[in-house]
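Examining the three-dimensional arrangement
Listed here are the chains, written in short residue letters.
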Amino acid sequence: MRKITAIVILCLLPSLSNSAQETKEISKNSNSSSTEDYTKFRFGGYGEMVANFKDYGINRFYGGNDGNPKKNRNTISIPRFVLAFDYKFNSKWILGAEIEFESGGTGTAFELENTENGEYETEVEKGGEVAIEQFHITRLIHRSLNVRAGHIIVPVGLTNAHHEPINFFGTSRPEGETTLLPSTWHENGLEIFGSFGKGYASFDYQAMVVAGLNPNGFDRNTWVGSGKQGIFEEDNFTSPAYVFRLDYKGVPGLRVGASFYYCADAGANSDKEQTYSSYGKIPVRIFTADAQYRNKYVTARGNILYGNLGNSLGVSQANVKLSNKSPYSRLAPVAKNAVSYAAEAGINIRSVFGGNKKIPVIYPFARYEYYNPQEKGEKGQTMEKRCQVSMWTAGLNWYALPNLVIKADYATRQIGTNKVFGVSKAYNSENEFSIGIAYIGWFIKK
């Protein structure tokens, strides 16, 4: 990789006030964000900037037999800039909202012209991609039972449940979960949530009914990760999805969680109802488990994801026939099973030196991930080995301010292998160095 020279100029954010070891999540996907630290409203947000220096091309499937071609290229982006707002109508009724500005790119709107034989039409309508990530009304009833309705986070997996940039090491979100699942995953629906137990038997739970995934977006490379609805003005709710998450929080510093997602017939949520009618039902099942432990010395996380797609052969056959004008990739085959697992750990250098405030809060870390959207297919399907990734990432997180972190890391992907320390002999490895900055916080509280 070529020699890299980079200068990062930062505007400091003095209003971010939580300690680096006790960062509070700004997400409103559960009761994890306290509603007791403000009286009427609060305004804040989070954001990320990242530059990547890569030694591989843009297409692992370009036609050669050795994977991605070796090619030096650099990218720089603002993956997301999010504004968050909470407003209390009173102590029991709360409005929550998050607006996300993503990637700073051009925005394109798709329309399905049912009056013109169901053809897709594309219109460039806006100069930047803006999305409502959350917009909901919460009714606080009891510690153990509360209700939320609107556009809510789907807490399937570790990254979606805790997606803010302070909650993972590295310049980018963990790659396995964000490849196989929508990220950040947010849908219209209804949620019941709360906490129960006490002491060493303390739990949080979330139960939801939300708009289901759309198999038009399922493909070879991302499994169901591109199947989130939201392209059009309305989401199909013909076959809703049911989501449940449980977190154990009884031991200080420890959180252990599991989630389950089920949609009985994702095909019923397709853009055109006839697309999958001849193939039968398309059930989607996703199981995840994750854990995090934090103390003043170390932060460690791990997660596992297993996905099952019913009738994946029918989905594959239907998706390759989608219109060339559609916004979907049409890459097949779509696998029956997808898998991801990961673990990461970081050490707080300041704590190692006895909490000396002259020592900066720096976390050296390492993360391993394995993921494969083509883990197993149905009879007659040939799985693409180049989708199989074994990946190591190592780097530093420097908390320049309590909720402002500067990140640098080096990542290497081995393609076509599931060995933790294996070197792929069939395909070129993909390597990159990245630097970034991220922040999170409530700027105003009244």
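It should be noted that the structure appears before, not after, this text.
Here the structure is a predicted model, which means the values were calculated and not measured. (Residues numbered from 1 in each chain as written. Predicted model: local features only at pLDDT ≥ 70, side-chain atom pairs only at ≥ 80, totals over all residues. Heavy atoms only, no water.)

**Here we look at the overall build of the protein**
Threshold: Counting from the N terminus, the helices are DSSP H or I runs at least four residues long and the strands are E runs at least two residues long. Partly exposed describes any residue whose relative accessible area lies between the buried limit of under 20% and the exposed limit of over 50%, with all areas from a 1.4 Å probe on protein chains only and scaled to the type maximum. Calculation of accessible area relied on Shrake-Rupley with a 1.4 Å probe; when residues are assessed, cover is drawn exclusively from the protein chains displayed.
Assigned secondary structure in the protein consists of 4 helices and 18 strands. Expressed as a percentage of the 446 residues in the protein, the buried residues total 50%. Here the protein has roughly 20600 Å² of accessible surface; of this, 58% comes from carbon and sulfur atoms.

**Some words on the pattern of salt bridges**
Oppositely charged side chains can pair when the atoms bearing their charge come close. Keep this limit in mind: What makes a salt bridge here is a side-chain nitrogen of Lys or Arg within 4 Å of a carboxyl oxygen of Asp or Glu, nothing more.
Taken as a whole, this structure holds 18 salt bridges when the rule is applied. E344 is the salt-bridge partner of R301, the closest N and O atoms lying 2.6 Å from each other. Taken together, the positions of R301 in strand β13 (residues 298-309) and E344 in strand β14 (residues 337-347) put the pair 43 residues apart, joining distant regions of the chain. Accessibility expressed as a relative area gives 8% for R301, which makes it buried.

**A closer look at the nonpolar core**
Stated formally: Take the buried Ala, Val, Leu, Ile, Met, Phe, Trp, Tyr and Cys residues and link them wherever side-chain atoms come within 4.5 Å; each set so joined is a nonpolar core.
One finds V156, W185, F218, W223, Y261, V284 and I286 to be the most contacted residues of the largest nonpolar core, which totals 28 residues. Mapped by element, the contributors of at least two residues to this core are β9 (203-210), β10 (241-248), β11 (254-263), β12 (284-294), β13 and α3 (312-319).

**Things to note about the environment of N52**
Test applied: In what follows, a contact means two residues having at least one pair of non-hydrogen atoms within 4.5 Å.
Structurally, N52 is set in strand β1 (residues 41-56). A relative accessible area of 8% places N52 in the buried class. In sequence terms N52 and T75 are 23 residues apart; their C-alpha atoms lie 5.2 Å from each other. Not counting residues within four places of it along the chain, the set of residues in contact with N52 comprises R73, N74, T75, E432, F433 and S434.

**Concerning the pairing of strand β15 (residues 362-376)**
The following threshold applies: Being paired, for any two strands, means DSSP has found at least two bridges between them.
Looking at chain direction, β14 and β15 are connected through 9 bridges and run antiparallel. Counted as the bridge partner of A345 is A366 from β15. Relative to strand β16 (residues 389-401), β15 is paired through 10 bridges, and the arrangement is antiparallel. Paired with Y370 across the bridge in β16 is S390.

**A short note on a nonpolar patch on the surface**
Just so we agree on the cut-off: Each patch is built from residues lacking any salt bridge and having more than 30% relative accessible area; the joining distance is 9 Å for like charges and 5 Å for nonpolar side chains (Val, Leu, Ile, Met, Phe, Trp, Tyr).
A cluster of nonpolar side chains, namely M49, I78, F81, I99, F101, V130, I132 and F135, defines an oily patch on the protein surface of about 690 Å² accessible area. Counting only elements with at least two residues in the nonpolar patch, the list comes to β2 (70-88), β3 (93-102) and β6 (129-142). Element by element, the count of residues in the nonpolar patch is highest for β6, at 3 residues. In this fold, V130 is placed in strand β6. Judged by its relative accessible area of 41%, V130 is partly exposed.

**Topic: α3**
Buried residues dominate α3, accounting for 6 of its 8 residues. For α3, the set of buried residues is S312, G314, V315, S316, A318 and N319. Next to the buried residues of α3 lie β13.

**Topic: the environment of N214**
Cut-off, in case you're wondering: Here a polar contact is taken to be a pair of N or O atoms separated by no more than 3.5 Å, where protein atoms must pair a possible hydrogen donor with a possible acceptor and residues adjacent in sequence count only if both atoms sit in side chains.
Here N214 lies in the loop between β9 and β10. Among the residues examined, N214 registers a relative accessible area of 5% and is labelled buried. Sequence-wise, N214 and G230 are 16 residues apart; in three dimensions their C-alpha atoms are separated by 9.8 Å. A polar contact is formed between the side chain of N214 and the backbone nitrogen of N216, at a distance of 3.0 Å.

**Digging into the side chain of S351**
Along the polypeptide, S351 turns up in helix α4 (residues 349-352). Once residues lying within four places of it in the same chain are set aside, the contact partners of S351 are K296 and Y297.

**Notes on unusual backbone geometry**
With omega at -5 degrees, the peptide bond leading from S183 into T184 counts as cis. Inspection of the secondary structure puts T184 in the loop between α2 (175-180) and β8 (186-196). A cis geometry characterises the amide bond from A332 onward to P333, with omega recorded as 5 degrees. The topology assignment puts P333 in the loop between α3 and β14. For W223, which is not glycine, the phi torsion reads 55 degrees and is therefore positive. If you trace the backbone, W223 turns up in the loop between β9 and β10.

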